[in-house]
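The residues making up each chain are set out below.
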Amino acid sequence: MTLAQDVRDLSGRLLLAADSEITDKHLRIFRTWGISEADVLPQQSDSPLVAVELDNAGTESNLASGSDELKELFRHCDHNHPFIKELLQFAQLHEPLANGAPPKSAGNDGKVSL
Amino acid sequence: MSVTLESLLANSERLGSFPAIVHRINDAVEDPRFSLDEVGQIVQEDPVLSARLLRIANSSFYSQRFPIDTIARALAVIGTKQLKELVTATYVMNTFSAQFHNDLDTKSFWKHCIACGVACRALATARREANVERFYLMGLLHDLGKVLLFTELGDQSAKMLKNHQQNGIPLYQMERDQLGFDHADLGGRLLERWKLPMEIHQPVSYHHKPAEDAECPLESAILHLADIISIGLRPGSGGQALIPPLNNDAWQVLHLPTSILPELFNIIRLQYFDAVAIFLDDHAADG
């Protein structure tokens, strides 16, 4: 797959430039930085850009882990509020910070070199 | 004699004070006669501070392509205005941790504060605010009122915290009911007493009632949300505070699209580990 548009993080930092071939390493980096979609060039056609959903982006652990703890933690919150909804979902998908840093991977030290 | 906010502030000197180098650096940064090199020379008088600034300049906070290996380059990357906030942040934990009440878990307390600081910084970055380190400092210091309450009230404060953890009543609510003010009011006044700028002490005072802040509504909104994020990401090892109710006005003030939140939370998560390694040093390894 070839990237159609630059992929940048929230602060605008370039993670991967357009026209680059996307490898598994890039997908790992995108997941690390929470990028769940990227525009890629169609392989053999002149059709417009295609948005590809990166497989299982962000699913580091299963949803069930720590659900009771989270239920208690979020008991005063309106679970339908968009901000709370996103935070709860993120907390369900990721280990607590107290469990320590994720395994060393590209981007873990913030210096993504492609 | 009943406890008042003023009487607690009058005893706040017991918490300690900043070393002279903090004031010298702050004065030098504000004085146009000082060059960057001269500010760097003051920084280098403290090897621990020098090492920490180099680590900050090389961390995911600044994402430099090449290693920063001199204080002069670190200052160029960080910027002198932001240096003030980072120097204060660097010293505040060392200066005040020694005075913590036995029932207050120092490490968990600072981890929550670091997570809140990182979240403040990330929210400010997302909004393209200038001098994001002042937002980091604001988050780092937001709960200092709790330290003063614990130092001065001891068991009464510990009981309120226990009651909060067991029964889920918001801590600030119990403090208001029992004392007539809460840790946020006290912390803000303490920082004002230390002559920190209004953009820092005002949001600290209002982080549990952001909609009431007429002076710094954006900063208070950011701190309110960052506090919620930092608890939700669970930096503490247990017995932590429950997430306080979200004030929807604070969310509206930020004007941030919901779609950026997962990426934002991820950045906070990654930068948190860097910040703990830098600001809590040897405590980093055990999460």
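Residues numbered from 1 in each chain as written. Chains lettered and ligands numbered in written order. Predicted model: local features only at pLDDT ≥ 70, side-chain atom pairs only at ≥ 80, totals over all residues.

1. Comments concerning the interface of chain B and chain A
Counting residues at the interface gives 37 residues for chain B, matched by 33 residues for chain A. Broken down by secondary-structure element, the contributors of at least two residues to the side of chain B that touches chain A are helix 7 (106-126), helix 14 (217-232), helix 15 (248-254) and helix 16 (261-279) of chain B. Ranked by residue count, the leading element in the side of chain B that touches chain A is helix 16 of chain B, at 12 residues. Along the lines of polarity and charge, the residues of the side of chain B that touches chain A split into 21 nonpolar, 12 polar and four charged. (Contact = placed C-beta atoms within 7 Å. Helix = DSSP H or I, 4+ residues; strand = E, 2+ residues; numbered from the N terminus. Nonpolar A, V, L, I, M, F, W, Y, C, P; charged D, E, K, R; others polar.)

2. Some points on the nonpolar core
Counting residues in hydrophobic clusters, the biggest one holds 95 residues, and the most contacted among them are Ile114, Ala119, Cys120, Ile222 and Ile268 of chain B. If we ignore the near neighbours within four places in the chain, the residues touching Cys120 of chain B are Phe135, Tyr136, Met138, Gly139, Ile222, Leu223 and Ala226 of chain B. (Core = buried A, V, L, I, M, F, W, Y, C linked by C-beta atoms within 7 Å. Buried ≥ 20, exposed ≤ 12 C-beta atoms within 10 Å, placed from the backbone.)

3. A look at the confidence of the model for chain A
Residues and elements named next belong to chain A. Across chain A, the average pLDDT comes to 69, with 55% of residues at or above 70. Averaged pLDDT values for the elements of chain A fall to 46 in strand 4 (residues 50-53) and rise to 94 in helix 3 (residues 82-93). Below pLDDT 50 for its whole length, residues 45-65 participates in 34 contacts with residues either more than four positions away or in separate chains. The low-confidence segment residues 105-114, where pLDDT is below 50, has 25 contacts with residues more than four positions distant or belonging to other chains. (pLDDT = per-residue confidence, 0-100.)

4. A closer look at the confidence of the model for chain B
All names here are of chain B. On average, residues of chain B score 88 in pLDDT, and 93% of them are at 70 or above. Per-element confidence in chain B is highest for helix 14, whose mean pLDDT is 97, and lowest for helix 6 (residues 80-97), whose mean pLDDT is 81. Taken together, the stretch residues 282-287 has pLDDT below 50 and engages in six contacts with residues farther than four places along the chain or on a different chain. Interface scoring of the predicted complex returns ipTM 0.86; its pTM is 0.77.

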